[in-house]
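Topology and contacts: notes
Chain residues, written in single-letter form:
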Amino acid sequence: MTFPLITNYCLPDRVRIGSQSLRCVLLWHSMADEVAAIAAPHLQRLIVYCTHPTEAGRAFKVNIGYAPQLAVLGYLDTTHVLQIDNTIIKAGVTKVSPDAMVPSIKVLALKVRFRVAEEVRTLLSFLRCFPEVETLHVMASDNHTDHYDDPGEVKARDELNSTFWQGVGFLKMVLGRAVLLQKVIVLLADPDPITVSEATRKLNPLASKRMWANKTLRKISLEVRGRTSGPILGYNQASDLSISDPFIS
């Protein structure tokens, strides 16, 4: 069973999931202050998309309690408050107790502004809570939009000198530490062929085996792609449990 909360406006302001049958919950273009998987033994997917707190200056909270089958989570924003069990995950945390880990998560989507140091530290702290992730999506943003075609979004041509390159340091860290990493895809928003070519050329050094912690791969896979403007996630793919990774576009 799927429970979608679409264009909700503050009622309820706290979404508490306590169901034996729910497998998918979506907060879609809504206003709420918290989503909490309190007692959801069969919940497999939790999607938060274009959802914001009810008041300016308040942080949206994602609370993961009992959800042993939760495998897909996103978009978890670095401005969100993440609570796992009874632990609030804060920026700068370098050690996470087993009680604050969710090993069931296999697909994780995060959103971060790399130009904000505190958010980068939060990103790293969040990642420590999901030790068994197999596919990680990281959306680099310069504002609070969830659309590539929003007037405030950084376009691909500008990204080569701003958001895009602010995330390269994070990418280098991932390559150097993820010993099981097999493939990296860098996705540019609505680029022209020249932009893709320039990004590919500048990222080529990262395709060297010496940059990767995984030394068992015969061939390194680092690819730069473009995608058209528009929403980064569609409702149909987000709610379809037959699609193992709804964040692939």
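The structure presented is a predicted model; accordingly, all values stated were derived computationally and were not measured. (Residues numbered from 1 in each chain as written. Predicted model: local features only at pLDDT ≥ 70, side-chain atom pairs only at ≥ 80, totals over all residues. Heavy atoms only, no water.)

The next thing to look at is the pattern of salt bridges. Applying the stated criterion to the full structure yields eight salt bridges. A salt bridge links E55 to R58; the shortest N-O distance between them is 3.3 Å. Accessibility expressed as a relative area gives 46% for E55, which makes it partly exposed. Judged by relative accessible area, R58 falls into the partly exposed class, the value being 36%. Among the ionic contacts, a cluster of salt bridges with common partners joins D13, R14 and E34. (Salt bridge = Lys/Arg side-chain N within 4 Å of Asp/Glu carboxyl O. Buried < 20%, exposed > 50% of the residue type's maximum accessible area, 1.4 Å probe, protein only.)

Ordered in space as β1-β3-β5-β7-β10-β11, the six strands form an open sheet in which the pairing is parallel. Lying at the two open borders of the sheet, with one neighbouring strand each, are β1 (2–6) and β11 (135–140). The mean angle between the axes of side-by-side strands here comes to 10°, regardless of whether they run parallel or antiparallel. Note that strand β10 (residues 107–112) and β11 share six bridges and pair parallel. Its bridge partner being in β11, V107 is matched across the sheet by T135. The strands that helix α1 (residues 117–127) touches are β7 (72–77), β10 and β11; relative to β10, the one it contacts most, it runs at about 170°. (Pairing = 2+ DSSP bridges. Helix = DSSP H or I, 4+ residues; strand = E, 2+ residues; numbered from the N terminus. Axes fitted to C-alpha atoms, helices over the stretch in contact; angles between N-to-C directions. Contact = heavy atoms within 4.5 Å.)

Taking strand neighbours across the sheet as the criterion, the five strands line up as β2-β4-β6-β8-β9 in an open arrangement whose pairing is mixed. Both edges of this open sheet fall to β2 (14–18) and β9 (87–89), since each of them pairs with a single strand only. For this sheet, the mean angle separating the axes of adjacent strands, direction not counted, is 15°. With three bridges connecting them, strand β8 (residues 81–84) and β9 associate as antiparallel partners. What sits directly across from I84, in β9, is T87.

With glycine set apart, most residues show a phi of negative sign, and most peptide bonds adopt trans. Each neighbour pair has its own omega, and for G74 with Y75 the value is -15°, a cis peptide bond. Structurally, the position occupied by Y75 is in strand β7. For C50, which is not glycine, the phi dihedral falls at a positive 50°. Tracing the chain through its elements places C50 in the loop between β5 (45–49) and β6 (61–66). Taking relative accessible area as the criterion, C50 reaches 11% and is therefore assigned buried. In this model, D85 sits at a positive phi of 60°, which is unusual for a non-glycine residue. As for its position among the elements, D85 is in the loop between β8 and β9. On the basis of relative accessible area, D85 is assigned to the partly exposed category, the value being 37%.

Here we take up the packing of aromatic side chains. By the definition in use, this model includes four aromatic pairs. Look at W28 and Y235: their rings are 5.6 Å apart centre to centre, the planes differ by 85°, and that puts the pair in the edge-to-face class. With W28 in strand β3 (residues 24–28) and Y235 in helix α6 (residues 235–239), this residue pair connects regions lying 207 residues apart in the sequence. Classification of Y235 as partly exposed rests on a relative accessible area of 29%. Here the aromatic rings of F114 and F170 are separated by 5.7 Å at their centres, their planes lie at 40°, and the arrangement is tilted. With F114 in the loop between β10 and α1 and F170 in helix α4 (residues 168–177), the pair connects residues that are 56 residues apart, well separated along the chain. We classify F170 as buried; its relative accessible area is 12%. (Phe/Tyr/Trp six-rings, centres within 6.5 Å; stacked < 30°, edge-to-face > 60°.)

Attention now goes to the pairing of β7. Buried residues dominate β7, accounting for six of its six residues. With three bridges connecting them, β5 and β7 associate as parallel partners. Residue pairing across strands places L46 opposite L73, the latter belonging to β7. Taken together, the four bridges between β7 and β10 define a ladder with parallel strand orientation. Note that in β10 the partner of L76 across the bridge is L110.

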